[in-house]
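# Fold and geometry: a report
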Amino acid sequence: MKKTNEIAVVIQARLNSQRIPQKMIKPFAGTTLTDIFMEKVKQCNSFPIENFYLSASEPELITIAKKHGVQVFLRSRESAMSEGTPMSLMYEWHDKLPHKYVVLINACVPFLKPETIDNFIEEYKKAKETGMFAVIEKKNYFWNQNGEILTPLTEDVMNTKTVQKTYEAAHCLYASRLDTINDGIWMGDFMKNEIKLFPVQEEEVQDIDYEWQFDLCEKLWK
């Protein structure tokens, strides 16, 4: 059982997105994606607000955090420019936060509910695994790049009512030990079943990566 105070909750944000410039402060239905998630975090009950950090370097993001009364981990410019490697640079808070574990929230999924965040964290507290990852349950058929079917065929015709469940990455909630990040280990090893999968509802996890997704989500939000 992981203790509440052992778990940091982090949202990582930057303004140098290549596909949607300044996405995190771009006007979105009268607000911004960053503001939306500051409000969501304050509605959560699974952790105290002092365990939450907005990891950011740009003044515009820091101003939003201060407006909402949440603390900032001052991210370096090098970290904000990082594209994922080394992991210890991208997640440079890994050895600086006074916690043992971290839950990372993707703030580009505006329909993610505070209750889902709470359920994820409460399940992580109970999990024997030290890593956890949100996924979407699928009942469909899939092929690899060579055109070979990956989904077991159990009937003469494709039937999405009876097909075996598979899971797709939801890219919204992640949980990991902090002390393994310096070794390049995030969440754990999927091949060794070290990471617990946590199903979430697909309608909550429309991830905004492109302008058309931003525009669509804004219209749905309105």
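None of the values given here were measured: they were computed from a predicted structure.

With that settled, the discussion passes to the overall build of the protein chain. Tallying secondary structure elements over the protein chain gives 6 helices and 7 strands in all. The N-to-C order of helical and strand elements in the protein chain reads β-α-β-α-β-α-α-β-α-β-β-β-α. On C-alpha atoms alone, the protein chain measures out to a radius of gyration of 18 Å, which is about the 17 Å that the 2.2 N^0.38 rule sets for 222 residues. Overall, the C-alpha framework of the protein chain stretches about 60 × 40 × 35 Å when taken along its three principal axes. When the 222 residues of the protein chain are sorted by exposure, 48% land in the buried category. Residue pairs at least 24 apart in sequence account for 72% of intrachain contacts in the protein chain once pairs closer than 6 positions are excluded. Here the protein chain displays about 12,000 Å² of accessible surface, and carbon together with sulfur accounts for 50% of that area. Mean positive and mean negative side-chain charge positions of the protein chain (27 and 32 charges, respectively) differ by 3 Å.

By volume, the largest pocket amounts to about 870 Å³. Lining the largest pocket are 26 residues, with Q12, R14, N106, C108 and D209 positioned closest to its centre. Within the residue set of the lining of the largest pocket, elements represented by two or more residues are β4 (101–105) and β6 (166–177).

Attention shifts here to the side chain of S17. Positionally, S17 belongs in the loop between β1 (7–12) and α1 (33–43). Looking at S17, its side chain comes within polar contact range of the main-chain oxygen of I20, at 3.3 Å.

Quick notes on the rules
- Residues numbered from 1 in each chain as written.
- Predicted model: local features only at pLDDT ≥ 70, side-chain atom pairs only at ≥ 80, totals over all residues.
- Heavy atoms only, no water.
- Helix = DSSP H or I, 4+ residues; strand = E, 2+ residues; numbered from the N terminus.
- Rg over C-alpha atoms; globule rule 2.2 N^0.38 Å.
- Buried < 20%, exposed > 50% of the residue type's maximum accessible area, 1.4 Å probe, protein only.
- Contact = heavy atoms within 4.5 Å.
- Areas by Shrake-Rupley, 256 points an atom, 1.4 Å probe, with all protein chains shown as cover.
- Lys, Arg positive; Asp, Glu negative; His and termini not counted.
- Charge placed at Lys NZ, Arg CZ, Asp CG, Glu CD.
- 1 Å grid on protein atoms, 1.4 Å probe; cavity = no way out; pocket = protein on both sides within 12 Å on 5 of 7 lines; lining within 4 Å.
- Points joined across faces, edges and corners; volume = space filled by probe spheres on them.
- Polar contact = N/O pair within 3.5 Å; in protein donor to acceptor, adjacent residues only side chain to side chain.

Everything listed here is a matter of coordinates, which is why it stays silent on function.
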